[in-house]
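# Fold and contact review
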Amino acid sequence: MSKQTHAFQAEVAQLLHLVTHSLYSNQEIFLRELISNASDACDKLRFEALNNTALYEDAPELQVRLSFDKAAKTLTITDNGIGMTAQEAIDHLGTIAKSGTKDFMSKLSGDQKSDAQLIGQFGVGFYSGFIVAEKITVETRRAGAAAAEGVRWISGGTGDFEVETITRAERGTSVILHLREEALDYANTWKLKEIVGKYSDHISLPILMEKEEWQDGELIEPNNEEGGRQPGAMVKTGEWETINKASALWSRSKKDISDEQYADFYKQISRDFEAPLTWTHNRVEGSTEYTQLLYIPSKAPQDLWNRDKKAGIKLYVKRVFIMDEAEALMPSYLRFVKGVVDSADLPLNVSRELLQESRDVKAIREGCTKRVLSMLEDLAKHDQAPEAAADGVTDVLSEEDKAKLGQYSKFYAEFGAVLKEGLGEDFGNQARLSKLLRFASSTHDTVSVSFADYKARMKEGQDAIYYITADTLAAAKNSPQLEVFKKKGIEVLLMTDRVDEWALNFVHEFDGTPLQSVAKGAFDLGKLQDEEEKKAAEDAAETFKPVLAKLKEALKDKAEDVRVTSRLVDSPACLVVTDDGMSMQLARMLKQAGQSAPEVKPVLEVNPEHALVKKLDGSVHFHDLAHILFDQALLAEGGLPADPAAYVKRVNALLS
Ligand code: ADP
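Residues numbered from 1 in each chain as written. Predicted model: local features only at pLDDT ≥ 70, side-chain atom pairs only at ≥ 80, totals over all residues. Heavy atoms only, no water.

### A look at the nonpolar core
Rule in force here: The term nonpolar core refers to a set of buried residues drawn from Ala, Val, Leu, Ile, Met, Phe, Trp, Tyr and Cys, joined through side-chain atoms within 4.5 Å. Relative accessibility thresholds used throughout: buried, under 20% of the residue-type maximum; exposed, over 50%; partly exposed, between the two (1.4 Å probe, protein chains only). In DSSP terms, a helix is any run of H or I states spanning at least four residues, a strand is any run of E spanning at least two, and both are numbered starting from the N terminus. For the domain bounds, the source is a domain assignment made automatically or taken from a database.
One finds L315 and F411 to be the most contacted residues of the largest nonpolar core, which totals 70 residues. Examining the composition of this core, we find that nine residues originate from one element, helix α9 (residues 359-381), more than from any other. Domain assignment of the residues forming this core places at least three in each of domain 2 (249-381) and domain 3 (438-655). F8, V12, L179 and Y199 belong to the second largest nonpolar core, which has 58 residues in total.

### Some details on helix α12 (residues 407-425)
Going by this rule: Multiply 1.5 Å by the residue count of a helix minus one, and that product is the helix's expected span. Values of bend correspond, residue by residue, to the angle between axes fitted over the seven residues ending at that residue and the seven starting there.
Taking 1.5 Å per residue as the helical rise, α12 with its 19 residues ought to reach 27 Å, and the 25 Å between its terminal C-alpha atoms agrees with that figure. At F415, α12 is bent by approximately 70 degrees, the largest bend along its length.

### Looking at the pattern of salt bridges
For clarity, the threshold we go by: In what follows, salt bridge is the name for a side-chain nitrogen of Lys or Arg lying within 4 Å of a carboxyl oxygen of Asp or Glu.
Within the structure shown, the criterion is met by 31 salt bridges. One salt bridge connects E241 with K193, and the closest N-O pair in it is separated by 3.1 Å. Of this pair, E241 sits in strand β9 (residues 233-242) while K193 sits in helix α6 (residues 189-199), placing them 48 residues apart in sequence. We classify E241 as partly exposed; its relative accessible area is 23%. For K477, the salt bridge is made with D445, and the minimal N-O distance between the two is 2.9 Å.

### A few points about the packing of aromatic side chains
Rules: Pairing of aromatic rings covers Phe, Tyr and the six-membered ring of Trp, with a centre-to-centre limit of 6.5 Å; geometry is then stacked below 30 degrees between planes, edge-to-face above 60, and tilted otherwise.
Per the counting criterion, the structure on display carries 22 aromatic pairs. Ring centres of W250 and F265 lie 5.9 Å apart, and the angle between their planes is 45 degrees; this geometry places the pair in the tilted category. Here W250, found in the loop between β9 and α7 (259-270), pairs with F265, found in helix α7; they are 15 residues apart in sequence, far enough to count as distant. The pair formed by W250 and F265 is uniform in burial state, with each residue classed as buried. Each ring, one from Y408 and one from F411, has its centre 5.6 Å from the other, and the planes form 35 degrees; the classification is tilted. Here Y408 pairs with F411, and both are found in helix α12, just three residues apart, close to one helical turn.

### A short note on the sheet that holds strand β13 (residues 320-323)
The condition that has to hold: In short, DSSP must find at least two bridges between two strands for them to pair. Lines are fitted to the C-alpha atoms to define the axes, a helix being fitted only along its stretch in contact, and any angle between axes, read from their N-to-C directions, falls within 0 to 180 degrees. Note on contacts: a residue pair qualifies if any of its non-hydrogen atoms lie within 4.5 Å across the two residues.
The mixed open sheet is built from five strands, whose spatial order is β10-β11-β14-β12-β13. If you trace the sheet from one side to the other, it starts and ends with β10 (278-284) and β13, each paired once. Strand-to-strand twist of the sheet, defined as the mean angle between neighbouring strand axes without regard to direction, takes the value 20 degrees. Note that β10 and strand β11 (residues 290-296) share seven bridges and pair antiparallel. Bridging across to β11, H281 finds its partner in L293. This element, α9, spans β10, β11 and β14 (338-343) of the sheet and lies at about 40 degrees to β11.

### Regarding the pairing of strand β3 (residues 74-79)
Where burial is concerned, most of β3 is hidden: five out of the six residues are buried. Pairing geometry for strand β2 (residues 64-69) and β3, over six bridges, is antiparallel. Counted as the bridge partner of V64 is D79 from β3. Hairpin connection between β2 and β3: a loop of four residues separates the two successive antiparallel strands, and K73 in this loop has a positive phi of roughly 55 degrees.

### Observations regarding the sheet that holds strand β19 (residues 513-517)
The sheet built from five strands is open, its strands ordered β15-β17-β16-β19-β18 with mixed pairing. On the outer flanks of this sheet lie β15 (440-441) and β18 (509-510), each paired with one strand and no other.

### Observations regarding the environment of W502
With respect to the helices and strands, W502 occurs in helix α17 (residues 498-504). What makes W502 partly exposed here is its relative accessible area of 34%. The spatial distance from the C-alpha of W502 to the C-alpha of L586 is 7.9 Å, given a sequence separation of 84 residues. Filtering out sequence-adjacent residues up to four positions away, W502 remains in contact with K420, E421 and G424.

### Notes on the domain arrangement of the protein chain
Taken domain by domain, the protein chain consists of domain 1 (4-214 + 238-242), domain 2 (249-381) and domain 3 (438-655). Between the C-alpha centres of domain 1 and domain 3 the distance comes to 63 Å.

### Section: a nonpolar patch on the surface
Selection criterion: The residues that make up patches have over 30% relative accessible area and no salt bridge, and they are joined within 9 Å when like-charged or within 5 Å when they are Val, Leu, Ile, Met, Phe, Trp or Tyr. Shrake-Rupley sampling with a 1.4 Å probe provides the accessible areas, and residues are treated as covered by the protein chains on show and by no other component.
Among the surface-exposed residues, F47, L50 and L348 lie close enough to one another that they form a single nonpolar patch of about 220 Å² accessible area. Relative to the assigned elements, F47 resides in helix α2 (residues 29-49).

### Points about the pairing of strand β22 (residues 603-606)
Here β22 shows a buried face lined by V603 and E605 and a second buried face lined by L604 and V606. The pairing of strand β20 (residues 561-564) with β22 spans four bridges and is parallel. When the bridges of β22 are listed, V564 appears paired with V606. The pairing of strand β21 (residues 573-576) with β22 spans four bridges and is classified as antiparallel. Directly across from C574, in β22, lies its bridge partner E605.

### As for the side chain of E491
For clarity, the threshold we go by: Think of a polar contact as two N or O atoms within 3.5 Å of one another; within protein, one of them needs to be a possible hydrogen donor and the other a possible acceptor, and neighboring residues in sequence only count if both atoms come from side chains.
For E491, the position within the fold is in the loop between α16 (483-488) and β17 (493-495). The class for E491 is buried, based on a relative accessible area of 8%. Here the side chain of E491 touches T443 through a polar contact of 3.2 Å, side chain to side chain. Setting aside residues no more than four positions away along its own chain, E491 makes contact with S441, S442, T443, H444, V449, Y454, R457 and Y466.

### Notes on α7
Helix length check: α7 (twelve residues) gives 16 Å between terminal C-alpha atoms against 16 Å at 1.5 Å per residue, within 8%. Looking only at α7, the buried set comprises Q261, Y262, A263, F265, Y266, I269 and S270.

### Describing the environment of E399
By secondary structure assignment, the location of E399 is in helix α11 (residues 399-404). Take E399: its relative accessible area is 61%, and that puts it in the exposed class. As for E399 and R457, which are separated by 58 residues in sequence, their C-alpha atoms are 28 Å apart.

### Quick look at the side chain of E210
This is how it is decided: For the purpose of charge, His is not counted, nor are the chain termini; Lys and Arg are scored as positive and Asp and Glu as negative.
With respect to the element layout, E210 can be found in strand β8 (residues 207-215). The side chain of E210 is buried and forms no salt bridge, while K236, the nearest opposite charge, is found at 5.3 Å. In this structure the side chain of E210 is engaged in a polar contact, spanning 2.9 Å, whose partner is the backbone nitrogen of G238. For E210, the contacting residues outside a window of four places in its chain are L66, K236, T237, G238, E239 and W240.

Written as structure tokens, this is what we have:
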């Protein structure tokens, strides 16, 4: 193929413009990005070679070499990994492939300074090279292809790039950076060693540099007045040495890894540019042997709610990278966890299908799940005192409490709703998961109340954990169903996550105390109601019998039943569903999601003490009042009247 010119994809051109026009402090990340690509390329080769050892050609030792040429002003990163065909070079180095970069682009504000800082934190893969290079030449050959099928790719980092065929004996890729004048410092052994130590120490691949040696300058002729020698210089020896630790981070001992290294590694594998919230690193021995290094991110990704989203676990077998997104290693409700599992037992050629069936994998998955839950329990344990902290009495807290203060709340705000999916997915861990749940309540505005907290505050004689589900916190808090609970000072948990209704189908009690929706079933506060109140309710039911019968007739298309209640204090009426019925909120949600939901006919409950209800008997507007009562009750709980116009008409008729 003779020389061809191709235009960059529009987004790449935009990104390159930003990269080359932003001066920023963190230039050196370009090396981390290019070494990371080189390392990925070697991982890919190793993986393909599992079924085709010929791909190793005569160079089975995978490695990355750094070299520079001061005179030519170049810095070259060479790997003997998978390499690229011409088409791959055109596709991969001309478009934006990685979703992380797209994500990053969407975060750009247009303000050069802050955007530049973002690139520094994030890195933009291959294109980072243009931070220090005015031109990049890539020479590459795909493993297994003939030497004549080498490719040269050249670009000045503006609108386009050139590609041509070359002969290249070695497999793999050389990225040759033609350094900008102001970036010539990078053509320096010490500088490169320092950057590699900072960012790429844990790359499991050896990174090599040619050794240098000090050579004295030549002796100056004795007849020269100054005498002595010419200045000396470092010269290359032709011998290569490994400049990184070259051991996978997770295979090192915990005590040899700093928090910063853990965080850097997280950023590298997750493409997240924020540090993780916490992590756990263990070697598990026993019938299955593996190492796990699992992280909880600080922030939920945008696609968290996509249940098809793959788990963030990379699988290695004896340090050999096998696959990304190994979903079999983590249950779906923990899909936000990122990390690495390195198994000592699985075969190297394990496939996704095989993973699903493997007993070792099942054991690893259970082990990882338990670890993540312990990690969360630990955060929760040390986050018991947010109120003390708010009051400024943090000196009663231990150092560990202080370090972890607020972390569980932070985690829960991001991932709590996903965790709840586990209640229906992982029955074995349901009890542990229940303890990790947090809710707002009628007495606590922040999402901080656990079932155990609630139980500890239960009233004498109270025998259920009361809760209400609603679309929003405001709707839950002001719901008519809560009135009598407020009056009696009984706490009610407010559940406003979409997943709550579904999750609660799987949890009926906590530690022996049943969960009871305040919007379901007949009203019964048991021992919390005294005899007098019960008697008054019975009497009211008796006196209201004829009115109830008329209401039932008027609302027969809308309400399953009509009855008096003592759950209301200020409101005239509310809607409830039968004990085993689907809640109105869930039915609405299903409908919104376009799924079929059974028609829920609620029970209308009226407050015999309310003026409007008292007025019903003998009113000439009985029919209209009945419908208004029903529709208002529906509105109060976040629903909409079936015929809103008719509702408005009725209200207006009465108002005028
Ligand atoms: P990412 O590495 O996140 O996919 P990059 O922009 O860094 O994004 O690289 C784009 C693609 O170019 C890579 O996915 C890979 O296919 C290819 N590539 C980059 N560097 C190399 C390399 N050294 N060897 C082989 N392929 C490479």
